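Coordinates in review
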Amino acid sequence: MSATTLRPPRHRADPRAVAWWTVQWLILMVPVAGAAVAAYWLLTERPVWLGAVVAVFAAGCLVLAVVAPRAAYRVERWEVTDQAVYTRKGWLTHTWRVAPMSRIQRVDTARGPLQRLFGLADVTVTTASSAGAVKIEALDHEVAAGLAERLTAITHATQGDAT
């Protein structure tokens, strides 16, 4: 039995992930900010103090849409070794996920419409864990396909019953 050392994963998402995540955040935040401004404009008598609050809120929404993807890119990591799949995510609380090869039951890739536009894909590694699948997000679609093939080959050669 060999000892495995837990260390920070080496790989980041593809750099194009920042643009993809920014678009996702903007799709969410622009309507929220717009609704706040519209509610202020249409449903109030437009007091100046409330206008300032709404303006700060709307600006904060847009700043968050630009800053959050860059922060995520800096902290999210992944790596695949012959023994396990590792991911680390989170800004304030780092969440580590480790899936031993012997526990992997399934490997999937997914590409939504926006991901296809940016040439990206996700790889989802499903295990026998009750904590759910390990997801590696925002990889170049060719890297994701190669990773899925590699994981399939490694898990096929790894002894274990994946339960």
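See the structure above.
Everything numeric in this text was worked out from a predicted model, so none of it was measured. (Residues numbered from 1 in each chain as written. Predicted model: local features only at pLDDT ≥ 70, side-chain atom pairs only at ≥ 80, totals over all residues. Heavy atoms only, no water.)

Overview of the pattern of salt bridges
We apply this condition: Whenever a carboxyl oxygen of Asp or Glu lies within 4 Å of a side-chain nitrogen of Lys or Arg, that contact is scored as a salt bridge. Think of it this way: any DSSP run of H or I at least four residues long counts as a helix, any run of E at least two long counts as a strand, and we number them from the N terminus. Exposure categories follow from relative accessible area, calculated using a 1.4 Å probe and restricted to protein chains: below 20% of the type maximum is buried, above 50% is exposed, and the middle band is partly exposed.
This model, assessed by the stated rule, comprises seven salt bridges. Linking Arg 10 and Glu 79 is a salt bridge whose minimum nitrogen-to-oxygen distance equals 3.7 Å. On the criterion of sequence distance, the pair formed by Arg 10 in the segment before helix H1 (17–43) and Glu 79 in strand S1 (residues 77–80) is long-range, its members being 69 residues apart. Judged by relative accessible area, which is 5%, Glu 79 ranks as buried. Residues joined by salt bridges that share partners form a network here, namely Asp 14, Arg 16 and Asp 140.

Quick word on the nonpolar core
For clarity, the cut-off: We call a set of buried Ala, Val, Leu, Ile, Met, Phe, Trp, Tyr and Cys residues a nonpolar core when their side-chain atoms join them within 4.5 Å. Only heavy atoms matter for contacts: two residues are in contact if any of them lie within 4.5 Å across the pair.
Core analysis: the largest hydrophobic core is formed by 16 residues, its most contacted members being Val 80, Val 85, Val 123, Ile 136, Leu 147 and Leu 151. Counting only elements with at least two residues in this core, the list comes to S1, strand S5 (120–127), strand S6 (134–140) and helix H4 (141–157). By residue number, the principal contributor to this core is H4, which donates four residues. If we skip the residues at most four places from it in the chain, Val 80 touches Val 85, Met 101, Ile 136, Leu 147, Arg 150 and Leu 151. Membership of the second largest hydrophobic core comes to 10 residues, among which are Val 18, Ala 72, Phe 118 and Ala 138.

Examining the sheet that holds strand S3 (residues 95–100)
Definition in use: Pairing between two strands requires that DSSP report at least two bridges joining them. To get an axis, fit a line to the C-alpha atoms, keeping to the stretch in contact for a helix; angles then go from 0 to 180 degrees between the N-to-C directions.
Spatial strand order, S1-S2-S3: three strands in an open sheet with antiparallel pairing. The sheet is open, and its two borders are formed by S1 and S3, each paired with just one other strand. When the angles between neighbouring strand axes are averaged without regard to direction, this sheet yields 5 degrees. Where strand S2 (residues 84–89) meets S3, six bridges bridge the pair, whose relative direction is antiparallel. Along S3, the bridge assignment pairs Val 85 with Ala 99.

Concerning the packing of aromatic side chains
When we look at a pair of aromatic rings, we describe it by the centre distance and by the angle of the planes. To keep it simple, the criterion reads: Side-chain rings of Phe, Tyr and Trp (the six-membered ring for Trp) are treated as a pair once their centres are within 6.5 Å; stacked means planes under 30 degrees apart, edge-to-face means over 60, and tilted covers the remaining angles.
Going through the model one piece at a time under the given rule, you end up with one aromatic pair. Measuring from centroid to centroid gives 6.3 Å for Trp 20 and Trp 21, while their planes differ by 35 degrees, and the two rings are tilted. Exposure remark for Trp 21: the relative accessible area of 7% places this residue in the buried category.

Here's the deal with the side chain of Thr 87
Position of Thr 87 relative to the elements: it lies in strand S2. The exposure class assigned to Thr 87 is buried, which follows from its relative accessible area of 4%. Those residues in contact with Thr 87, other than ones at most four positions away along the chain, are Pro 9, Arg 77, Trp 78, Thr 95, Trp 96, Arg 97, Val 134, Lys 135 and Ile 136.

Some remarks on H1
Stated precisely, the cut-off is as follows: Expected helix span is taken as 1.5 Å per residue step, with the number of steps being one fewer than the number of residues. Given a residue, its bend is the angle between the two axes fitted to the seven residues that end at it and to the seven that start from it.
The first and last C-alpha atoms of H1 sit 38 Å apart over 27 residues, in line with the 39 Å expected at 1.5 Å per residue. Where H1 bends most, the angle comes to about 25 degrees, and this point is Leu 26. Where H1 is buried, its residues touch helix H2 (48–75), helix H3 (113–118), S5 and S6.

Quick look at the environment of Thr 81
To keep it simple, the criterion reads: Pairs of N or O atoms are called polar contacts if they sit within 3.5 Å, as long as, within protein, a hydrogen donor faces a hydrogen acceptor (for residues adjacent in sequence, only side-chain-to-side-chain pairs).
Along the chain, the position of Thr 81 falls in the loop between S1 and S2. In this structure the C-alpha to C-alpha distance between Thr 81 and Leu 151, which are 70 residues apart in sequence, comes to 9.3 Å. Polar contacts involving the side chain of Thr 81 include one to the main-chain amide nitrogen of Gln 83, which spans 3.2 Å.

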